[in-house]
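Chain and residue survey
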Amino acid sequence: MDLNKKFTPETWPDNPETATFEAKNKFVGFWLFLGGEVILFATLFATYLALKNKGPAGLEFSTQELYELPLVFVMTMLLLTSSLTSVYAMYHLRNYNFRKMQLWLGITAFLGLGFLMLEVYEFTHYVQLGFTYGNSAFSSSFYTLVGTHGFHVAIGLVWITLLIFRNAKRGLNLYNATKYYTFSLYWHFIDVIWVFIFTAVYLMGVVG
Amino acid sequence: MSSVAQKKGFGAWLWDWLTTVDHKKIGILYLLGGGFFFVLGGIEAVLIRIQLLHPNSDLISAGLFNQLITMHGTTMIFLAAMPILFGFMNAIMPLQIGARDVAFPFINSLGLWMFIFGGLFLNISWFMGQAPDAGWTSYTSLAITSEGHGVDFYSIGLQIAGGGTLMSGINFLVTIINMRAPGMTYMRMPLFTWTTFIASAMILFAFPPLTIGLFFLTFDRLFGGNFFDHTMGGNTIIWEHIFWIFGHPEVYILILPAFGIFSEIFPTFARKRLFGYTSMVFATVLIGFLGFMVWAHHMFTVGLGSTANAIFAVATMAIAVPTGVKIFNWLLTMWGGSIKVTVPMLYAIAFIPSFVMGGVTGIMQGAAPLDYQLHDSYFIVAHFHYVIVGGVVLGILAATHYWWPKMFGTMLSEGLGKLTFWTFFIGFHMTFLIQHWLGFWGMPRRVFTYMDGQGWNAANYISTVGAFFMSVGVIVLVINIIITTVKNERVGNDPWGDGRTLEWATQSPPVYYNFPQTPLVRGLDTVWIEKSEGNKSGVTPAVPLQDIHMPHGSIIPFLMSFGLFMAGFGAMFRLETSWGLSLLVFGLFWTFVTMSIRSVKDDLGYYVPKEEILRDMKREGGQK
């Protein structure tokens, strides 16, 4: 494969993410990896639901006292919007418009960073209230589930930043198109997991 | 690898093995690593049996006994059986589907080194005061209160090794989905490839729960988590569910590839097509599916209630149906065949009754009421050794003899092989058959000694003598391997003379690009078809001779795994030493830096020119 081969929107293939043999492998492999991630998060969700509101006698924070929906709503909007912007980026990837793709990915990363900052704020706020990791079984399972998602967001941010800067001067080719595309798959996956967290943790927590 | 720069000397040789991404070499490294841990786990087993030779024995203390049984189980499952099977999958499966390599050679190597470093991490515990002592299942009512760092070695070591397994599983799946040679439809894939496929799919869904369970355990013990501490609202049953949602599929991850191995050996040495190929494939898929539905049969006595117990009992017994289909297919493959009793065939024939006995005792325990009676007795020990040794280990030993000439280009001695077989086979039944009765007579498992006069003395004595026989078998195998390697008599492409599948169409050992030209697959057992049509060259090529694309080697997998290894020690000694925390941070930093280097450095591989392949082919032709 020639990394320096320049395409035009006309010669650029319709499905650049799976245009080469290696790319097909990465594409299928990444979908399978996400399948494994689903099971990983399912285990975390099951544990959280089993340990929700469980703690030592006399030292209990309940989900109703703790969660504040407005903050979580803003976080949700940031993350959902970032998924949309990554779709725009993939639209430009298909059309071989490198600059616009980079721009939309930059916006995606920026929104993701905003989400992560709010999550850090949320966690520090809870810790200040006395709801620490070792506080109860509930707190351990809460921080582990939501924190694992947050960790995935952080990894995604490092990933896309590396991609944006690494390829800034090279433009699109069939080698990095797959890398950009799998990132977008990953980012949507994170978003879907968040929808479940929003429902199973926050909404169900506030409702009771 | 390529003939351009062949440096000589020990350094270059070592560097080659540390950086290799060739699936055949990685397969050999898996065999070496797995074989080493198999011997280690075997020594632990013999020590256990020596302790139980006589009543009231005080050779080994109760604490050390707990460490021995824990490490024996953990080592044999995670560090011996699975890696050795991975070795054969790596070495053989890509050849069977006519692929150049696996889908992700780099990740293949990363999986190997994570297994090696995870295994070393676990076993270094012997030299650092205490080995894990909460059983291979590490039930958390024991594990979170275990003193010292034993259980931490378990949780972190398995986490590192398990990560490698998960990556290898994805790798095999993609290889089989995307890299089959032209004509190799799913229903023409050899059974070993099929079982690799299903076992890999099971790894993909069984290992993430283990990852999470080990993560919980690590955090409970080292970072103030409360998942399993009931005084803080935690629940130890969560561990049991998570562990067995992983652990039950795990036994099928082990046994399915063994089924695949036997499904290759029966047709080869009965010189007859595998009976009921299609039903074999569907039975494999069905076992893979049902394997996930039955985990709670390990928890009948926990108190889940009779409804749950009944559902899991029925689901458990349902697995006997596809397994029975397989057993009859193997028998009918032999029926009317012209059978050649080689060493691999001996193992295959011996496997059927041995494994059926293990399967039948499994069905017995699938009946929840009977399980209440048998629970935690030696009957359980007898049952799972009958399926794991009588199925998986016999499969591994069969595959070792069967594929040794393909992997190393030289044939293991049949005479010594038969000696290994008979000592091991007799020793195996001697050790474990009597344990069924020990269970009925009331001997509980996991006890480090027993009182005189309970009627258990003779049975334990017999069992221990059997273990010695098995050890002799393994020692003879090692001698066989050494003698064979020293003699190094070269063999041709198809040393058994009756090879049916594609791996027998290429040289022994295969060139690093596997096939000079990608083969055309014309049906099930394609090499057999070509042979019976008189095609001397082995197999029809699907493409004209052209340049071959190959991946570059890399040291990064080794370095990345070493980073996790350091971080593991850091996490363990984080609080009690001054260097612990910095080592944890440094190890993780090291891992992420090596990961980033991999991700920003373009590695497009290289091309083997047509002329070089032609040269190789001529040289090969000249040797014949």
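Definitions and cut-offs
Residues numbered from 1 in each chain as written. Chains lettered and ligands numbered in written order. Predicted model: local features only at pLDDT ≥ 70, side-chain atom pairs only at ≥ 80, totals over all residues. Heavy atoms only, no water. Helix = DSSP H or I, 4+ residues; strand = E, 2+ residues; numbered from the N terminus. Buried < 20%, exposed > 50% of the residue type's maximum accessible area, 1.4 Å probe, protein only. Contact = heavy atoms within 4.5 Å. Areas by Shrake-Rupley, 256 points an atom, 1.4 Å probe, with all protein chains shown as cover. Lys, Arg positive; Asp, Glu negative; His and termini not counted. Charge placed at Lys NZ, Arg CZ, Asp CG, Glu CD. Rg over C-alpha atoms; globule rule 2.2 N^0.38 Å. Polar contact = N/O pair within 3.5 Å; in protein donor to acceptor, adjacent residues only side chain to side chain. Buried area = accessible area lost by both parts, 1.4 Å probe. Salt bridge = Lys/Arg side-chain N within 4 Å of Asp/Glu carboxyl O. Phe/Tyr/Trp six-rings, centres within 6.5 Å; stacked < 30°, edge-to-face > 60°. Lys NZ or Arg CZ within 6 Å of the ring centre and 35° of its normal. UniProt positions renumbered as here; feature names shortened; annotations may be inferred. Patch = residues over 30% accessible without salt bridge, like charges linked within 9 Å, V, L, I, M, F, W, Y side chains within 5 Å. Core = buried A, V, L, I, M, F, W, Y, C linked by side-chain atoms within 4.5 Å. Axes fitted to C-alpha atoms, helices over the stretch in contact; angles between N-to-C directions. Parallel < 35°, antiparallel > 145°, perpendicular 65-115°, else oblique. Left-handed = near helix turned anticlockwise from the far one by under 90°. Nonpolar A, V, L, I, M, F, W, Y, C, P; charged D, E, K, R; others polar. Expected span 1.5 Å × (residues − 1). Bend = angle between axes of the 7 residues up to and from the residue.

Looking now at the overall build of chain A. Regarding its fold elements, chain A presents six helices and zero strands. With the C-alpha coordinates aligned to their principal axes, the bounding extent of chain A is approximately 70 × 30 × 25 Å. Within chain A, the proportion of its 208 residues that are buried is 54%. In chain A, 80% of the contacts between residues at least 6 apart in sequence involve partners at least 24 apart. Of the roughly 9300 Å² that chain A leaves accessible, carbon and sulfur atoms contribute 70%. Within chain A, the 12 negative side-chain charges are centred at a point lying 13 Å from the centre of the 13 positive side-chain charges.

Across its full length, chain B carries 20 helices and two strands. Its C-alpha radius of gyration of 25 Å places chain B within 12% of the 25 Å reference for a compact globule of 624 residues. Taken along its principal axes, the extent of the C-alpha atoms in chain B is 70 × 65 × 45 Å. For chain B, the accessible surface area stands at approximately 23400 Å², while carbon and sulfur atoms represent 70% of it. In chain B, which carries 32 positive and 32 negative side-chain charges, the distance between the mean positions of the two groups comes to 12 Å.

Right, let's get into the side chain of B:His23. Along the chain, B:His23 falls in helix α2 (residues 23-51). One polar contact links B:His23 to B:Asn514, side chain to side chain, over a distance of 3.0 Å.

Moving on: the interface of chain A and chain B. Contact residues are listed per partner, giving 38 residues for chain A and 39 residues for chain B. In total, chain A and chain B occlude about 2900 Å² of area from one another, counting both sides; carbon and sulfur atoms represent 71% of this. Its largest share of buried area at the contact with chain B, chain A owes to A:Asn25, A:Leu32 and A:Tyr133, together 17% of the area lost on that side. Linking chain A with chain B are two salt bridges.

Quick look at the side chain of B:Ser125 now. Residues and elements named next belong to chain B. Structurally, the position occupied by Ser 125 is in the loop between α4 (105-124) and α5 (140-143). Exposure remark for Ser 125: the relative accessible area of 0% places this residue in the buried category. Within the structure, Ser 125 has its side chain in polar contact with the backbone oxygen of Leu 122 (distance 2.5 Å). Sequence-distant contacts of Ser 125, defined by excluding residues within four places in its chain, comprise Met 71, Gln 130, Ala 131, Pro 132 and Phe 153.

Right, let's get into the packing of aromatic side chains. All names here are of chain B. One pass over the full model with this rule turns up 92 aromatic pairs over all chains. Where Tyr 347 meets Phe 421, the ring centres are 5.0 Å apart and the plane angle is 90°; that geometry is what we call edge-to-face. Placement of the pair is Tyr 347 in helix α12 (residues 343-366) and Phe 421 in helix α15 (residues 414-440), with a sequence separation of 74 residues. With respect to burial, Tyr 347 and Phe 421 carry one shared label: buried. A cation over a ring is seen here: Lys 25 above Trp 17, with NZ or CZ 5.0 Å from the ring centre.

With that settled, the discussion passes to the UniProt feature "transmembrane region" (unreviewed entry) in chain A. As annotated by UniProt and renumbered to match this structure, "transmembrane region" (unreviewed entry) occupies residues 30-51, 71-91, 103-121, 141-165 and 185-205 of chain A. Along residues 185-205 of chain A, the helical share is 100% and the strand share 0%, with 29 Å between the first and last C-alpha atoms.

Take A:Thr148: it is sitting in helix α5 (residues 137-166). Sequence-distant contacts of A:Thr148, that is, excluding residues within four places in its chain, are made with A:Leu40, A:Phe41, A:Leu44 and A:Tyr143.

With the rule as written, the count across this model stands at 15 salt bridges over all chains. Between B:Asp498 and B:Arg271 there is a salt bridge, and its shortest N-O distance comes to 3.9 Å. Of this pair, B:Asp498 sits in the loop between α16 (457-487) and α17 (526-532) while B:Arg271 sits in the loop between α8 (236-270) and α9 (277-290); the two residues are 227 residues apart in sequence, bridging distant segments of the chain. Here the salt bridges do not stand alone but share partners, grouping A:Arg166, A:Arg170 and B:Asp602 into one network.

Before going further, it helps to spend a moment on the environment of A:Phe165. If you trace the backbone, A:Phe165 turns up in helix α5. C-alpha of A:Phe165 to C-alpha of A:Gln102: the two residues are 63 residues apart in sequence and 9.4 Å apart in space.

Turning our attention to a nonpolar patch on the surface. Residue and element names in this part refer to chain A. On the surface, a nonpolar cluster with roughly 610 Å² of combined accessible area is contributed by Phe 73, Val 74, Met 77, Leu 80, Val 192, Val 195 and Phe 196. Elements represented by at least two residues in the nonpolar patch include exactly α3 (69-94) and α6 (174-207). It is α3 that contributes the most residues to the nonpolar patch, four residues altogether. Taking the relative accessible area as the measure of exposure, Phe 73 reaches 47% and is therefore partly exposed.

Quick look at the nonpolar core now. Counting residues in hydrophobic clusters, the biggest one holds 215 residues, and the most contacted among them are A:Phe142, A:Tyr180, A:Trp194 and A:Tyr202. Per-element accounting of this core gives the leading share, 18 residues, to α8(B). For A:Phe142, the residues in contact, after removing those within four places along its chain, are A:Tyr48, A:Tyr67, A:Glu122, A:Phe123, A:Tyr126, A:Phe131, A:Gly147, A:Val201 and A:Tyr202. Core analysis: the next-biggest nonpolar cluster, separate from the first, contains 13 residues, B:Leu52, B:Phe65, B:Val381 and B:Ala459 among them.

A separate point is the packing of α4(B) against helix α6 (residues 150-178) of chain B. Residue and element names in this part refer to chain B. One can describe the packing of α4 onto α6 by two numbers: an axis separation of 8 Å at closest approach and a directional angle of 165°. Relative to α6, α4 is oriented roughly antiparallel. Handedness of the α4/α6 crossing: left-handed. Its residues assigned to classes, the contact of α4 with α6 comprises 14 nonpolar, eight polar and one charged.

With that out of the way, let us pick up α6(A). Residue and element names in this part refer to chain A. Taking 1.5 Å of rise per residue, the 34 residues of α6 would be expected to cover 50 Å, and the 49 Å separating its terminal C-alpha atoms lies within 8% of that figure. When the local axis directions of α6 are compared, the greatest deviation, roughly 30°, occurs at Phe 198. Buried residues dominate α6, accounting for 25 of its 34 residues. The residue sitting at the N-terminus of α6 and contributing the capping side-chain oxygen is Asn 173; that oxygen lies 2.9 Å from the backbone nitrogen of Tyr 175.

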